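A closer look at the structure
Chain residues, written in single-letter form:
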Amino acid sequence: MPLIKRFSWLTFAVILSVALVLGISRSSIVSTATNLTAGETSPLLASAFTAPDPSGEFVLPPLAYDYDALEPYIDEQTMMLHHDKHHASYVKNLNDAIADYPELQGKTVETLLQDLETIPEAIRTAVQNNGGGHANHTMFWETMTPDGQSVPSGASAQAIDTQFGDFATFQTAFNTAGKNQFGSGWAWLVINPAGELEITATANQDSPISAGSQPLLGNDVWEHAYYLNYQNKRGDYLDAWWNTVNWDVVNSRYEQAIRL
Ligand code: MN
């Protein structure tokens with residue numbers, strides 16, 4: 001009898017644990033999905049990480065690879081400082097900026113950047129700089145990989161050839177945009193408001209989203225992105241960086257954008 005009793009309690013405990021685990025994972029899946037769409041007013045290529053977490057705060061997304069994984073093209077210390085310090089401070093400053101504006105909380109950062117004119121003037125520049133910094137860097141980490149393919153494939157490869165003639169011409173034009181960006185900023189491959197692929201550059205942390213474009217690929221040309229390894233040789237960094245590009249992710253972003 002005691003044996004049966006113990007068995008029953010054990011069985012009950014196991015069933016309860018399984019139910020709890022299932023319940024927790026189900027509720028976190030549901031809440032993640034809710035957050036991804038919270039505040040969206042129009043289709044945007046939002047990273048899963050640019051939506052606030054269930055606490056309502058933006059969080060620094062973890063890297064999907066080790067700090068030294070992109071060596072020799074990007075060194076470990078640069079990655080550590082860039083992700084853990086620079087990106088982290090954009091996230092913190094963005095949270096601080098919207099702390100007193102509950103109407104802005106729960107939206108993805110892409111939604112905040114899409115129409116900066118609607119952001120209260122007192123925090124507009126802070127959202128532009130730090131929201132842009134969060135969105136730009138989140139995409140930057142996602143579009144790099146230790147297993148970079150040297151050339152694109154799929155629909156985006158075809159579109160690049162159609163728009164720019166061939167891949168080498170595209171690369172040269174992208175590098176030129178990065179070299180010519182005076183001071184800090186980014187070089188981009190975007191889908192512009194006319195629906196065409198375009199190479200652009202932005203200053204500081206300005207996002208192409210604020211100009212109505214969908215970024216597919218961006219390279220950070222702030223000195224903090226390359227100075228430890230490349231010093232003043234921005235051109236060498238721009239050339240080497242292509243070895244890190246994750247064209248599968250770029251292609252997915254392109255295919256998603258043209259479906260929207
Ligand atoms: Mn940066």
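As the structure is a prediction and not an experimental result, all values here were calculated from the model.

Observations concerning the overall build of the protein
If you tally the helices and strands in the protein, you get nine helices and three strands. Helices and strands in the protein line up, N terminus first, as α-α-α-α-α-α-β-β-β-α-α-α. Taken over 260 residues, the protein has a buried fraction of 32%. Of all intrachain contacts in the protein linking residues separated by at least 6 positions in sequence, the fraction that spans at least 24 positions is 67%.

Some remarks on helix α6 (residues 167-180)
Residues that lie three or four places apart on an α-helix share one face, since the helix turns once every 3.6 residues. Between its first and last C-alpha, α6 extends 20 Å over 14 residues, near the 20 Å set by a 1.5 Å rise per residue. Three or more residues of α6 are buried, namely Phe174, Asn175, Ala177 and Gly178. Here the buried residues of α6 occupy an arc of 155 degrees about the axis, which is enough to place them on one side. Exposed residues pointing more than 90 degrees away from the buried face of α6 are listed as Ala168, Thr172 and Asn180. On its buried side, α6 packs onto β1 (185-191), β2 (197-203), β3 (214-220) and α8 (234-241).

As for the confidence of the model for the protein
Overall, the predicted model of the protein reaches an average pLDDT of 85, with 81% of residues at or above 70. Segment residues 1-7 is flagged for pLDDT under 50; beyond a separation of four residues in sequence, or across chains, it makes zero contacts in the model. The low-confidence segment residues 9-42, where pLDDT is below 50, has 18 contacts with residues more than four positions distant or belonging to other chains.

So, the pairing of β1
Two faces make up the sheet, and in a regular strand the side chains alternate between them. Of all seven residues that make up β1, seven are buried, and the element is covered over most of its length. Of the two faces of β1, the one carrying Gly185, Ala187, Leu189 and Ile191 and the one carrying Trp186, Trp188 and Val190 are both buried. By the bridge criterion, seven bridges tie β1 to β2 in an arrangement that is antiparallel. From the neighbouring strand, Val190 faces β2, where its bridge partner is Glu198. Connecting β1 to the next strand, β2, in antiparallel fashion are five residues, including Gly195 with a positive phi near 85 degrees. Relative to β3, β1 runs antiparallel, the two being bridged by six bridges. Counterpart to Leu189 in the pairing with β3 is Leu217.

What to know about helix α5 (residues 154-164)
Turning to α5, its buried residues are Ser156, Ala159 and Ile160. Buried residues along α5 cover an arc of 105 degrees about the axis, so they all sit on one side. Turned more than 90 degrees from where α5 packs its buried face, Gln158 and Thr162 sit exposed. Packing partners of the buried residues in α5 comprise α6, β2 and α9 (247-259).

Remarks on the nonpolar core
When a protein is soluble and globular, its nonpolar side chains tend to lie buried together. Judged by nonpolar contacts, the single largest core of 24 residues is most densely connected at Ala187, Trp188, Leu189 and Leu216. Elements with a minimum of two residues in this core: α5, α6, β1, β2, β3, α8 and α9. Ranked by residue count, the leading element in this core is β1, at six residues. Counting 16 residues, the second largest nonpolar core, distinct from the first, contains Phe58, Leu94, Ile119 and Met139.

Quick word on the packing of helix α2 (residues 76-98) against helix α4 (residues 121-142)
Put simply, α2 and α4 touch, their axes get as near as 8 Å, and they point 140 degrees apart. In terms of orientation, α2 lies oblique with respect to α4. You can see that α2 and α4 cross each other, and the crossing is left-handed. Along its contact with α2, which presents His83, His87, Tyr90, Val91, Asn93, Leu94, Ala97 and Ile98, the element α4 presents Ile123, Ala126, Val127, Asn130, Gly131, Gly133, His134, His137 and Trp141. The class makeup of the residues in the contact of α2 with α4 is nine nonpolar, eight polar and no charged.

Definitions and limits used
- Residues numbered from 1 in each chain as written.
- Predicted model: local features only at pLDDT ≥ 70, side-chain atom pairs only at ≥ 80, totals over all residues.
- Helix = DSSP H or I, 4+ residues; strand = E, 2+ residues; numbered from the N terminus.
- Buried ≥ 20, exposed ≤ 12 C-beta atoms within 10 Å, placed from the backbone.
- Contact = placed C-beta atoms within 7 Å.
- Expected span 1.5 Å × (residues − 1).
- Arc of directions from axis to C-beta.
- pLDDT = per-residue confidence, 0-100.
- Pairing = 2+ DSSP bridges.
- Core = buried A, V, L, I, M, F, W, Y, C linked by C-beta atoms within 7 Å.
- Axes fitted to C-alpha atoms, helices over the stretch in contact; angles between N-to-C directions.
- Parallel < 35°, antiparallel > 145°, perpendicular 65-115°, else oblique.
- Left-handed = near helix turned anticlockwise from the far one by under 90°.
- Nonpolar A, V, L, I, M, F, W, Y, C, P; charged D, E, K, R; others polar.

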